[in-house]
Amino acid sequence: KEVLVPLFRGANTDVNVPLAIALCSFFYVEYWRFRAHGFRYLKKFFSFGTLGNSLRQIFRGKKSGFSTLFNGVIDVFIGFIELLSEFIRIISFTFRLFGNMTAGEILLGSIMFLIPWVVTDIFYGLELFVGIIQALIFASLTLIFVTMAVASHGGEEHEHVGVEAAVFLDN
(Lines give C-alpha, C1' and ligand atoms only; values in the text may rest on other atoms or scores of the structure.)
Protein backbone atom coordinates (compact mmCIF):
# COMPACT_ATOMS: atom_id res chain seq x y z
CA LYS A 1 0.00 0.00 0.00
CA GLU A 2 1.51 3.27 -1.14
CA VAL A 3 0.93 6.49 0.80
CA LEU A 4 1.15 9.83 -0.97
CA VAL A 5 2.89 12.39 1.24
CA PRO A 6 2.97 15.97 -0.04
CA LEU A 7 6.45 17.46 -0.22
CA PHE A 8 5.31 21.04 0.21
CA ARG A 9 2.69 21.79 2.79
CA GLY A 10 1.83 24.97 4.62
CA ALA A 11 3.59 25.06 7.97
CA ASN A 12 0.56 26.56 9.68
CA THR A 13 -1.59 23.59 8.71
CA ASP A 14 0.23 21.57 11.37
CA VAL A 15 -1.17 22.53 14.78
CA ASN A 16 2.31 22.69 16.36
CA VAL A 17 3.42 25.76 14.42
CA PRO A 18 0.40 27.95 15.31
CA LEU A 19 0.74 26.74 18.90
CA ALA A 20 4.40 27.76 18.99
CA ILE A 21 3.57 31.16 17.53
CA ALA A 22 0.70 31.62 20.03
CA LEU A 23 3.00 30.68 22.94
CA CYS A 24 5.62 33.18 21.76
CA SER A 25 2.95 35.86 21.55
CA PHE A 26 1.61 34.95 25.02
CA PHE A 27 5.03 35.05 26.69
CA TYR A 28 5.90 38.29 24.91
CA VAL A 29 2.71 39.95 26.19
CA GLU A 30 3.25 38.65 29.73
CA TYR A 31 6.89 39.81 29.69
CA TRP A 32 5.88 43.33 28.77
CA ARG A 33 3.06 43.29 31.32
CA PHE A 34 5.45 42.32 34.12
CA ARG A 35 7.94 44.84 32.90
CA ALA A 36 5.34 47.63 32.98
CA HIS A 37 3.51 46.71 36.20
CA GLY A 38 5.80 44.45 38.21
CA PHE A 39 4.37 41.95 40.64
CA ARG A 40 1.37 44.12 41.46
CA TYR A 41 -0.03 42.80 38.19
CA LEU A 42 -0.69 39.49 39.96
CA LYS A 43 -3.31 41.22 42.14
CA LYS A 44 -5.57 40.97 39.11
CA PHE A 45 -5.64 37.19 39.53
CA PHE A 46 -5.05 36.68 43.24
CA SER A 47 -7.19 39.24 45.05
CA PHE A 48 -7.83 37.65 48.42
CA GLY A 49 -7.79 40.92 50.39
CA THR A 50 -11.52 41.47 50.73
CA LEU A 51 -12.18 37.81 51.45
CA GLY A 52 -9.44 37.69 54.08
CA ASN A 53 -10.64 40.88 55.79
CA SER A 54 -14.23 39.67 55.90
CA LEU A 55 -13.21 36.26 57.30
CA ARG A 56 -11.09 37.98 59.99
CA GLN A 57 -14.06 40.15 60.95
CA ILE A 58 -16.35 37.10 61.10
CA PHE A 59 -13.90 35.18 63.32
CA ARG A 60 -13.60 38.20 65.61
CA GLY A 61 -17.38 38.12 66.04
CA LYS A 62 -18.25 41.21 64.00
CA LYS A 63 -21.38 40.92 61.91
CA SER A 64 -20.11 43.46 59.39
CA GLY A 65 -17.86 40.74 57.94
CA PHE A 66 -20.85 38.96 56.44
CA SER A 67 -21.69 41.95 54.25
CA THR A 68 -18.27 41.91 52.56
CA LEU A 69 -17.92 38.12 52.43
CA PHE A 70 -19.90 37.89 49.19
CA ASN A 71 -17.72 40.60 47.58
CA GLY A 72 -14.60 38.69 48.62
CA VAL A 73 -15.87 35.46 47.08
CA ILE A 74 -16.76 37.34 43.89
CA ASP A 75 -13.24 38.88 43.78
CA VAL A 76 -11.64 35.43 44.03
CA PHE A 77 -13.97 34.05 41.34
CA ILE A 78 -13.27 36.98 39.00
CA GLY A 79 -9.53 36.50 39.54
CA PHE A 80 -9.87 32.85 38.55
CA ILE A 81 -11.81 33.81 35.42
CA GLU A 82 -9.18 36.43 34.51
CA LEU A 83 -6.41 33.85 34.89
CA LEU A 84 -8.37 31.39 32.78
CA SER A 85 -8.94 34.01 30.08
CA GLU A 86 -5.19 34.62 29.80
CA PHE A 87 -4.59 30.96 28.99
CA ILE A 88 -7.64 30.68 26.74
CA ARG A 89 -6.00 33.31 24.54
CA ILE A 90 -3.30 30.75 23.62
CA ILE A 91 -5.94 28.28 22.46
CA SER A 92 -7.83 31.00 20.60
CA PHE A 93 -4.73 32.18 18.75
CA THR A 94 -3.70 28.63 17.89
CA PHE A 95 -6.98 27.44 16.47
CA ARG A 96 -7.77 30.69 14.68
CA LEU A 97 -4.57 30.45 12.65
CA PHE A 98 -4.66 26.66 12.30
CA GLY A 99 -8.31 26.60 11.22
CA ASN A 100 -7.99 29.29 8.60
CA MET A 101 -4.83 27.84 7.06
CA THR A 102 -6.15 24.28 7.07
CA ALA A 103 -9.42 25.39 5.47
CA GLY A 104 -7.43 27.03 2.69
CA GLU A 105 -5.41 23.89 2.10
CA ILE A 106 -8.57 21.76 1.96
CA LEU A 107 -10.09 24.24 -0.51
CA LEU A 108 -6.99 24.02 -2.71
CA GLY A 109 -7.10 20.22 -2.63
CA SER A 110 -10.77 20.21 -3.58
CA ILE A 111 -10.28 22.66 -6.44
CA MET A 112 -7.29 20.67 -7.74
CA PHE A 113 -9.44 17.55 -7.77
CA LEU A 114 -12.35 19.21 -9.55
CA ILE A 115 -10.50 21.42 -12.05
CA PRO A 116 -6.91 20.16 -12.12
CA TRP A 117 -4.75 22.70 -13.94
CA VAL A 118 -6.86 25.64 -14.96
CA VAL A 119 -8.21 27.42 -11.89
CA THR A 120 -5.76 26.31 -9.21
CA ASP A 121 -3.27 29.10 -9.89
CA ILE A 122 -5.90 31.70 -9.00
CA PHE A 123 -6.61 29.91 -5.73
CA TYR A 124 -2.90 29.68 -4.90
CA GLY A 125 -2.76 33.45 -5.25
CA LEU A 126 -5.83 33.84 -3.05
CA GLU A 127 -4.31 31.48 -0.49
CA LEU A 128 -1.14 33.59 -0.41
CA PHE A 129 -3.33 36.65 0.16
CA VAL A 130 -5.18 34.87 2.99
CA GLY A 131 -1.84 33.96 4.58
CA ILE A 132 -0.77 37.62 4.51
CA ILE A 133 -4.11 38.68 6.02
CA GLN A 134 -3.77 36.04 8.77
CA ALA A 135 -0.27 37.28 9.61
CA LEU A 136 -1.60 40.84 9.77
CA ILE A 137 -4.48 39.82 12.06
CA PHE A 138 -2.18 37.81 14.32
CA ALA A 139 0.31 40.67 14.60
CA SER A 140 -2.50 43.18 15.19
CA LEU A 141 -4.03 41.09 17.97
CA THR A 142 -0.63 40.67 19.60
CA LEU A 143 -0.06 44.43 19.39
CA ILE A 144 -3.49 45.10 20.91
CA PHE A 145 -2.77 42.70 23.78
CA VAL A 146 0.66 44.28 24.39
CA THR A 147 -0.90 47.75 24.37
CA MET A 148 -3.53 46.64 26.86
CA ALA A 149 -0.83 44.96 28.95
CA VAL A 150 1.34 48.04 29.37
CA ALA A 151 -1.54 50.48 29.83
CA SER A 152 -1.95 51.72 33.37
CA HIS A 153 -5.21 50.68 35.01
CA GLY A 154 -4.54 52.12 38.43
CA GLY A 155 -6.54 54.81 40.17
CA GLU A 156 -3.60 57.21 40.41
CA GLU A 157 -4.18 58.58 36.91
CA HIS A 158 -7.89 58.98 37.45
CA GLU A 159 -7.34 60.90 40.69
CA HIS A 160 -4.92 63.24 38.94
CA VAL A 161 -7.35 63.83 36.08
CA GLY A 162 -10.14 64.42 38.58
CA VAL A 163 -8.11 67.09 40.37
CA GLU A 164 -7.35 68.84 37.08
CA ALA A 165 -11.03 68.70 36.12
CA ALA A 166 -12.05 70.12 39.49
CA VAL A 167 -9.55 72.99 39.16
CA PHE A 168 -10.77 73.66 35.62
CA LEU A 169 -14.41 73.71 36.74
CA ASP A 170 -13.69 76.02 39.68
CA ASN A 171 -12.11 78.64 37.42
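Residues numbered from 1 in each chain as written. Predicted model: local features only at pLDDT ≥ 70, side-chain atom pairs only at ≥ 80, totals over all residues. Heavy atoms only, no water.

A.B. asks: Explanation requested: the overall build of the protein chain in the structure shown.
C.D. replies: Within the protein chain, the regular secondary structure consists of 5 helices and 0 strands. Buried positions account for 22% of the 171 residues belonging to the protein chain. Long-range contacts, defined as pairs at least 24 residues apart, comprise 70% of the intrachain contacts of the protein chain with a sequence gap of at least 6. Carbon and sulfur atoms form 72% of the exposed surface of the protein chain, whose accessible area is close to 12,600 Å². (Helix = DSSP H or I, 4+ residues; strand = E, 2+ residues; numbered from the N terminus. Buried < 20%, exposed > 50% of the residue type's maximum accessible area, 1.4 Å probe, protein only. Contact = heavy atoms within 4.5 Å. Areas by Shrake-Rupley, 256 points an atom, 1.4 Å probe, with all protein chains shown as cover.)

A.B. asks: Just to check I follow, could you spell out a nonpolar patch on the surface for this structure?
C.D. replies: There is a patch of nonpolar side chains on the surface, built from Val 15, Phe 70, Ile 74, Phe 77, Ile 78, Phe 80, Ile 81, Leu 84, Ile 88, Ile 91 and Phe 95 and spanning about 1,000 Å² of accessible area. Its place among the elements puts Val 15 in the segment before helix 1 (16–37). (Patch = residues over 30% accessible without salt bridge, like charges linked within 9 Å, V, L, I, M, F, W, Y side chains within 5 Å. Salt bridge = Lys/Arg side-chain N within 4 Å of Asp/Glu carboxyl O.)

A.B. asks: What exactly am I supposed to notice about the side chain of Thr 94 here?
C.D. replies: Here Thr 94 shows up in helix 3 (residues 64–114). The residues contacting Thr 94, other than those within four sequence positions of it, are Val 15, Pro 18, Leu 19 and Ala 22.

A.B. asks: Mind showing me how you'd approach the packing of aromatic side chains here?
C.D. replies: How two aromatic rings sit relative to each other is set out by the distance from centre to centre and by the angle between their planes. If you walk through the whole model with that rule in mind, you get 11 aromatic pairs. Both rings, one in Phe 26 and one in Phe 27, keep their centres 5.4 Å apart while their planes meet at 65 degrees; by these two values the pair is edge-to-face. Classification of Phe 26 by relative accessible area gives buried; the value is 8%. Accessibility expressed as a relative area gives 52% for Phe 27, which makes it exposed. Measuring from centroid to centroid gives 5.8 Å for Phe 93 and Phe 145, while their planes differ by 50 degrees, and the two rings are tilted. (Phe/Tyr/Trp six-rings, centres within 6.5 Å; stacked < 30°, edge-to-face > 60°.)

A.B. asks: Would you take a moment to explain the packing of helix 1 against helix 4 (residues 120–150) for this structure?
C.D. replies: For any two helices packed against each other, one specifies the crossing angle of their axes together with the interaxial distance. Close contact between helix 1 and helix 4 brings their axes to 8 Å; oriented N to C, the two are set at 20 degrees. Between helix 1 and helix 4, the angle falls in the class roughly parallel. Crossing of helix 1 against helix 4: the hand is right-handed. Between helix 1 and helix 4, the residues in contact are Ile 21, Ala 22, Ser 25, Tyr 28, Val 29, Trp 32, Arg 33, Ala 36 and His 37 and Phe 138, Thr 142, Phe 145, Val 146, Ala 149 and Val 150, respectively. (Axes fitted to C-alpha atoms, helices over the stretch in contact; angles between N-to-C directions. Parallel < 35°, antiparallel > 145°, perpendicular 65-115°, else oblique. Left-handed = near helix turned anticlockwise from the far one by under 90°.)

A.B. asks: What exactly am I supposed to notice about the nonpolar core here?
C.D. replies: As a rule of thumb, nonpolar side chains are buried together in soluble globular proteins. Grouped together as the largest cluster of nonpolar side chains are 11 residues: Ala 22, Phe 26, Val 29, Ile 90, Phe 93, Leu 97, Met 101, Phe 138, Phe 145, Val 146 and Ala 149. Only helix 1, helix 3 and helix 4 provide two or more residues apiece to this core. Not counting residues within four places of it along the chain, the set of residues in contact with Ala 22 comprises Ile 90, Phe 93, Thr 94 and Phe 138. (Core = buried A, V, L, I, M, F, W, Y, C linked by side-chain atoms within 4.5 Å.)

A.B. asks: When you look at helix 2 (residues 49–59) in this model, what are you seeing that I'm missing?
C.D. replies: Buried within helix 2 are the following residues: Leu 51, Gly 52 and Ser 54. Burial along helix 2 is one-sided: seen end-on, the buried residues are contained in an arc of 165 degrees. Phi for Gly 61, located one or two positions after helix 2, is positive at around 95 degrees. (Arc of directions from axis to C-beta.)

A.B. asks: Before we go on, may I ask you to explain helix 1 in this structure?
C.D. replies: For an α-helix, 3.6 residues make a turn, and residues three or four places apart therefore share a direction. For helix 1, spanning 22 residues, the distance from its first C-alpha to its last is 31 Å, which sits close to the expected 32 Å at 1.5 Å a residue. Those residues of helix 1 lying buried are Pro 18, Ala 22, Ser 25, Phe 26, Val 29, Glu 30, Arg 33 and His 37. Taken around the axis of helix 1, the buried residues stretch over an arc of 130 degrees, which confines them to a single face. Exposed residues lying more than 90 degrees from the buried face of helix 1 are Asn 16, Cys 24, Phe 27 and Arg 35. Residue Gly 38 follows helix 1 closely and has a positive phi angle near 70 degrees. (Expected span 1.5 Å × (residues − 1).)

A.B. asks: Is there a simple way to explain the environment of Lys 44 in this structure?
C.D. replies: Residue position: Lys 44 is located in the loop between helix 1 and helix 2. On the basis of relative accessible area, Lys 44 is assigned to the partly exposed category, the value being 34%. Along the chain, Lys 44 and Leu 83 lie 39 residues apart, while their C-alpha atoms are 8.3 Å from each other. Non-local contacts of Lys 44, meaning those with residues more than four positions away in its chain, are made with Arg 33, Gly 79, Glu 82 and Glu 86.

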